[in-house]
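# Structural overview for review
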Amino acid sequence: MAWTTHVHAQIAFIARHVIGRVEQMSQQQGNGGVAYDTAAVVVEVPAEKVYAVALRNLSAQPQLRITGQDQQGRSIQFTNNVQIAGLQVNALSDKLSQILITSAHTGDQNVSSLILERILLFCSEMKVKCSKGSN
């Protein structure tokens, strides 16, 4: 019993330090090769609500087209007709979720700022504070 209390306390401690912090990762190849940009954030919002907000937001963007979605798996694939991207919402607990967005594109494009902007827009719409991480 004491062990599970300790584990829950550790999870709560870690969560307080990562909630709302958008972390990004990119790989760029020279010569126009395939590259990717990824961003993730943990928010204190139930996964179903995060998925609904993301779907509504992406559907409302005239420059984007949803190419696939899986409500059960809480994933959405979309494109702007130049690059493709995918969004996944993972439930970490009843009220804690992770948003993960990845985009594949040619190496001469930089979409990391667009992905960050999209995540910050989702956070704003859900009325939670998110900011760029330290990386």
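Residues numbered from 1 in each chain as written. Predicted model: local features only at pLDDT ≥ 70, side-chain atom pairs only at ≥ 80, totals over all residues. Heavy atoms only, no water.

Here the chain averages 84 in pLDDT, and 81% of its residues register 70 or above. The least confident element of the chain is helix α1 (residues 2-18), whose mean pLDDT is 61; the most confident is strand β3 (residues 65-70), at 96. (pLDDT = per-residue confidence, 0-100. Helix = DSSP H or I, 4+ residues; strand = E, 2+ residues; numbered from the N terminus.)

Let us now look at the nonpolar core. By size, the foremost hydrophobic cluster in this structure holds 27 residues, and its most contacted members are V41, V43, F78, L87, I99, I101 and M126. If you list the elements that add at least two residues to this core, you get β2 (34-43), α2 (47-59), β4 (75-79), β5 (84-91), β6 (97-106) and α3 (112-125). It is α2 that contributes the most residues to this core, 6 residues altogether. Once you skip the residues sitting within four places of it in the chain, M126 turns out to touch V43, V45, V50, V53 and I99. (Core = buried A, V, L, I, M, F, W, Y, C linked by side-chain atoms within 4.5 Å. Buried < 20%, exposed > 50% of the residue type's maximum accessible area, 1.4 Å probe, protein only. Contact = heavy atoms within 4.5 Å.)

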